[in-house]
There are 2 protein chains.
Amino acid sequence: MIDYQLLNALSAVISEGGFEKASKKLFITQSAVSRRIHQLEAKLGEPVLIRTQPPSPTALGKRLLNHLQQVLQLEVALNVGALNEHTDLNTPLSVRLAANADSLATWLPEALAVLDTELTCKLRFEVICEDQSVAHKRMKDGEVMVCISSSPEPVNGGLVSPLGAIRYKAIASPEFIKQHKINDLSQLAHLPCLVYSDLDKLQHQFLNDINGSTPLFTHIYPSSEGFKQAMIAGLGYGLLPTLQLGDSLTKGELVDLFPEYYIDTPLYWHYWQTESPQLKTLRKFALQVASKRLEPINP
Amino acid sequence: MIDYQLLNALSAVISEGGFEKASKKLFITQSAVSRRIHQLEAKLGEPVLIRTQPPSPTALGKRLLNHLQQVLQLEVALNVGALNEHTDLNTPLSVRLAANADSLATWLPEALAVLDTELTCKLRFEVICEDQSVAHKRMKDGEVMVCISSSPEPVNGGLVSPLGAIRYKAIASPEFIKQHKINDLSQLAHLPCLVYSDLDKLQHQFLNDINGSTPLFTHIYPSSEGFKQAMIAGLGYGLLPTLQLGDSLTKGELVDLFPEYYIDTPLYWHYWQTESPQLKTLRKFALQVASKRLEPINP
């Protein structure tokens, strides 16, 4: 059987981003961590890590981590904390989950607030904020137990439940529209546009859809709530989830630039085939919340 | 005089996180980027880069980048875009700014919305979201033009203006209090506690202040708006900026756990000695907004 102490060392080096931090997490010395990695590589005859800063797993390392996540799932299902080292029955089970910023800011908090009484155990969430595309990669690499991604493709060893879609509308403040004398959407390409990060292509898609143009002047503003506040302050226009609009349109704080237009980003709950009953309860609860808060996914 | 083409190559490799991405940014080949870095190192007789993935600057590399930022400031002040390559007079000036997530989500959007007419030029913001401590390091390393940090210590070549303090209150939902039958704050150490990231020590400080304890069960939830929503959903208790409370207390959505208690996190605007008039206008405007929205800094 695989020596899981070795896989745990690999997992800690990747998740903590280095040998020294991994040693602190595992309560062992740094040289013990190195030894475990070397032992793993000696057994396999191949490297499992690329020694960069932070280290990254090789293709083989990724397969091992992916396998480890599935074993951990099975251990969650077993729910016998006392068998584990450094834990007792009251230790909550850790769930690493990757999701996009707009989910974190809107519907996901409610979806994670499933009651302990339904779970029969305590879950401790370690949420990682990632662009949809990167979240999927984290799942593929075996770094997380659950990911919320726009991709409907299950990863190897994984399954998928459709959650629903976040609907985005093109939004600006009335002052922004007045200041830049916008009376035709074709002017937008030259005006300040808000993007969340370099990976956020919603604004590009919007301009491309309306007249084949592209935003030429973009502010990068990596905060979901700040994005809305920046629109209200008149820093730029952009695509905002309807979930975040609240009463901003009726109050006249913000204006829908193109009422007939929207972009739906579908979201899928990715999980491992070896899903534990506790994580199944969580997934069912999340699907319920999502069905109330999100739009249906268009086929 | 220094060949700034070489420093620009160094800056691009660091900011883009690699030689290939730097080559795309600079519109030159990857081997041309390598050549420039080698040339720089040959001239200096010392490495400027550590060849990791992503690459990081050596101490000498950091000093060069820090110097480059100050030169760029002076060029902003000069405001003669036509002298630069790849730009014309209408090209907005890029301002890289690092700030903490709670600033991004609350008072900063308004502070950046200074009018073009007051600036006499267009500013394009590239905002980086970082913990206060990391933001300060980015400034020290010459990676950003402006940083918002809790440290009052100017970096080498830099100056500081106090902005004000974000006030944090200990908050939970009424359902959370009921569910966990909280009638004494000493119970909190064992109950689910929300932290933004491993660097977020506000919750630890709160428990330490009230009874010398430490949170034993923490959810990691890296979203400012999501943090508040997670409290409303009953996922845990935590410290929330008063700026984010809105009418949640009066509406009964959230409860102030300890009305006499708060933590103030002071914030400082860090800038380079060679500040351009445009960035001075921005700073003065940000100070005005901060004085309205933030608490005074206690001496």
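Thresholds, definitions, all that
- Residues numbered from 1 in each chain as written.
- Chains lettered and ligands numbered in written order.
- Predicted model: local features only at pLDDT ≥ 70, side-chain atom pairs only at ≥ 80, totals over all residues.
- Heavy atoms only, no water.
- Contact = heavy atoms within 4.5 Å.
- Buried area = accessible area lost by both parts, 1.4 Å probe.
- Polar contact = N/O pair within 3.5 Å; in protein donor to acceptor, adjacent residues only side chain to side chain.
- 1 Å grid on protein atoms, 1.4 Å probe; cavity = no way out; pocket = protein on both sides within 12 Å on 5 of 7 lines; lining within 4 Å.
- Points joined across faces, edges and corners; volume = space filled by probe spheres on them.
- Helix = DSSP H or I, 4+ residues; strand = E, 2+ residues; numbered from the N terminus.
- Nonpolar A, V, L, I, M, F, W, Y, C, P; charged D, E, K, R; others polar.
- Phe/Tyr/Trp six-rings, centres within 6.5 Å; stacked < 30°, edge-to-face > 60°.
- Lys NZ or Arg CZ within 6 Å of the ring centre and 35° of its normal.
- pLDDT = per-residue confidence, 0-100.
- Buried < 20%, exposed > 50% of the residue type's maximum accessible area, 1.4 Å probe, protein only.
- Arc of directions from axis to C-beta.
- Least-squares fit on C-alpha atoms with pLDDT ≥ 70 in both.
- UniProt positions renumbered as here; feature names shortened; annotations may be inferred.

A. Local environment of the interface of chain B and chain A. Contacts between the two partners involve 35 residues from chain B and, on the opposite side, 35 residues from chain A. Both faces combined, the contact of chain B with chain A buries some 2,900 Å², and carbon together with sulfur accounts for 64% of it. It is Phe217(B), Ile220(B) and Tyr221(B) that lose the most area in chain B upon contact with chain A, and together they represent 17% of the buried surface on that side. For the pair chain B and chain A, the number of links is 10 residue pairs in polar contact (both at pLDDT 80 or more).

B. Quick look at the layout of surface pockets. Considered as a void within the structure, the second largest pocket measures approximately 930 Å³ in volume. What lines the second largest pocket is a set of 35 residues, and nearest its centre among them are Glu225(A), Lys228(A), Gln229(A), Glu225(B) and Lys228(B). Contributions of two or more residues to the lining of the second largest pocket are made by α11 (224-232) and α12 (242-245) of chain A together with α6 (108-112), α11 (224-232) and α12 (242-245) of chain B. Partitioning the lining of the second largest pocket into residue classes produces 11 nonpolar, 10 polar and 14 charged.

C. Molecular detail of the packing of aromatic side chains. Residue and element names in this part refer to chain A. Within this structure, the stated rule accounts for six aromatic pairs over all chains. Seen from their ring centres, Phe258 and Tyr261 are 5.7 Å apart, and the 20 degrees between their planes marks the pair as stacked. An aromatic cluster is built from Phe206, Phe258 and Tyr261, whose rings are joined through pairwise contacts. Against the face of Tyr271 rests Arg283, its NZ or CZ located 4.0 Å from the ring centre.

D. Quick peek at the confidence of the model for chain A. With 92% of its residues at a pLDDT of 70 or more, chain A has an overall mean of 88. Considering only residues more than four positions removed or in separate chains, one finds that residues 79-89 of chain A, a stretch of pLDDT under 50, has 12 contacts.

E. Layout of helix α10 (residues 202-211) of chain B. Residue and element names in this part refer to chain B. Among the residues making up α10, those that are buried are Leu202, Gln203, Phe206 and Leu207. Buried positions in α10, seen along its axis, are confined to an arc of 135 degrees and lie on one side of it. In this fold, the buried residues of α10 make contact with β6 (158-172), β7 (193-195), α11, β9 (238-241) and β11 (263-272). In the stretch just after α10, Gly212 is the one whose phi turns positive, near 70 degrees.

F. Examining the relation of the copies chain B and chain A more closely. Relative to chain A, chain B is turned by 180 degrees and slid 0.0 Å along the rotation axis, the superposed coordinates differing by an RMSD of 0.1 Å. In the structure described here, the two chain copies are related by an operation that fits a two-fold rotation axis. Most of the interface of chain B is mirrored in chain A, where 100% of its interface residues are also at the interface.

G. Fine view of the UniProt feature "domain: HTH lysR-type" (unreviewed entry) in chain A. Annotation from UniProt places "domain: HTH lysR-type" (unreviewed entry) at residues 2-58 of chain A. Secondary structure within residues 2-58 of chain A divides into 63% helix and 7% strand; the distance between the first and last C-alpha atoms comes to 18 Å.

H. Layout of the environment of Leu245(A). Residue and element names in this part refer to chain A. As for its position among the elements, Leu245 is in helix α12. The buried category is assigned to Leu245, whose relative accessible area is 7%. Residues in contact with Leu245, not counting those within four places in the same chain, are Ile171, Lys228, Leu240 and Leu254.

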